[in-house]
Amino acid sequence: MRIFGAVLAGGRGQRMAGADKALLPLAGRPLVAHVISRLEPQVERLALSANGDAGRFASFGLPVLADGMSLGPLSGVLAALDWAARLGATAVVTVAVDTPFVPGDLVPRLCLAAEANPRGVAMAHSGTDDHPTCALWPMGLRDALAAFLASGAKTRVRDFADAHGAVRAEFPSDGAFFNVNTPQ
């Protein structure tokens, strides 16, 4: 398998007073830098899924993928699948930019879970919580996702994933998927 990665950084920062969440500091580094350092060693190639001025991410040296249509995180997933398909990937692992503590074994555990349904999404799960933006998306879902978004239907990432046979990769409830949603 050729697994590529994408950091979903296209949000509008509504809970951060409109600030660019990806560039907000955490322990002296931008949130996106934390996610990159955790995900990049686990994938063959990595990109950022973000809208707006791509130049703000130039210092990270990664491709910046804009959404074809801005309909939330699933638009970023589709942009990542489109990018990765052109480069011969078999799947893309996504991580939201506001989850800076993702585990160092995220990708292998998602791949193991995906063996139960290689055509479906494998998403992270810890305790009682799903983490649908931390997921492995096989290339076979690309057309279904494109058609879904083109239809204008609205749904949550988890709902789309579940409708396409999602399986869960179990992780301990140790804060690895803590979501940074406020400046505090």
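Residues numbered from 1 in each chain as written. Predicted model: local features only at pLDDT ≥ 70, side-chain atom pairs only at ≥ 80, totals over all residues. Heavy atoms only, no water.

A. Local environment of the pairing of strand β4 (residues 46-49). Judged by which residues are buried, β4 turns out to be covered on both faces: L46 and L48 on one side and A47 and S49 on the other are all buried. Relative to strand β5 (residues 64-65), β4 is paired through 2 bridges, and the arrangement is parallel. In the strand pairing of β5, S49 is matched with L65. (Buried < 20%, exposed > 50% of the residue type's maximum accessible area, 1.4 Å probe, protein only. Helix = DSSP H or I, 4+ residues; strand = E, 2+ residues; numbered from the N terminus. Pairing = 2+ DSSP bridges.)

B. A look at the sheet that holds strand β6 (residues 91-96). The strand order across the open sheet built from 7 strands is β5-β4-β1-β6-β8-β7-β9, with neighbouring strands paired in mixed fashion. Sheet topology places β5 and β9 (167-171) at the edges, where each strand pairs with a single neighbour. Note: strand β1 (residues 3-8) against β4, 4 bridges, orientation parallel. Counted as the bridge partner of G5 is L46 from β4. Along the sheet, helix α2 (residues 73-86) makes contact with β1, β4, β5, β6 and β8 (129-138), crossing β1 at roughly 145°. (Contact = heavy atoms within 4.5 Å. Axes fitted to C-alpha atoms, helices over the stretch in contact; angles between N-to-C directions.)

C. Looking closely at the packing of α2 against helix α4 (residues 142-150). Following both chains from N to C, one finds α2 and α4 inclined at 140°, their axes separated by 10 Å at the closest point. The pairing of α2 with α4 is recorded here as oblique in orientation. In this structure, α2 meets α4 at a crossing whose hand is left-handed. Facing α2, whose interface residues are L74, S75, V77, L78, L81, D82 and A85, α4 presents R142, L145, A146, F148 and L149. In the contact of α2 with α4, the residues fall into 9 nonpolar, 1 polar and 2 charged. (Parallel < 35°, antiparallel > 145°, perpendicular 65-115°, else oblique. Left-handed = near helix turned anticlockwise from the far one by under 90°. Nonpolar A, V, L, I, M, F, W, Y, C, P; charged D, E, K, R; others polar.)

D. Fine view of the packing of aromatic side chains. The full count for this structure, using the stated rule, is 5 aromatic pairs. Between F57 and F60 the ring centres are 6.5 Å apart and the planes differ by 45°, which places this aromatic pair in the tilted class. For F60, a relative accessible area of 23% translates into the label partly exposed. Aromatic side chains F171 and F177 sit 5.2 Å apart centroid to centroid with 70° between the ring planes, which places their arrangement in the edge-to-face category. With respect to class, F171 is no different from F177; both count as buried. (Phe/Tyr/Trp six-rings, centres within 6.5 Å; stacked < 30°, edge-to-face > 60°.)

E. Structural context of unusual backbone geometry. We note that A27 has phi near 55°; this positive angle belongs to a residue other than glycine. Inspection of the secondary structure puts A27 in the loop between β2 (25-26) and β3 (29-30).

F. Representation of the side chain of H125 in the model. You can see H125 is positioned in strand β7 (residues 122-126). Side chain to side chain, H125 and D130 meet in a polar contact 2.7 Å long. With sequence-adjacent residues up to four places away left out, H125 is seen in contact with D130, H131, R168, A169, E170 and F171. (Polar contact = N/O pair within 3.5 Å; in protein donor to acceptor, adjacent residues only side chain to side chain.)

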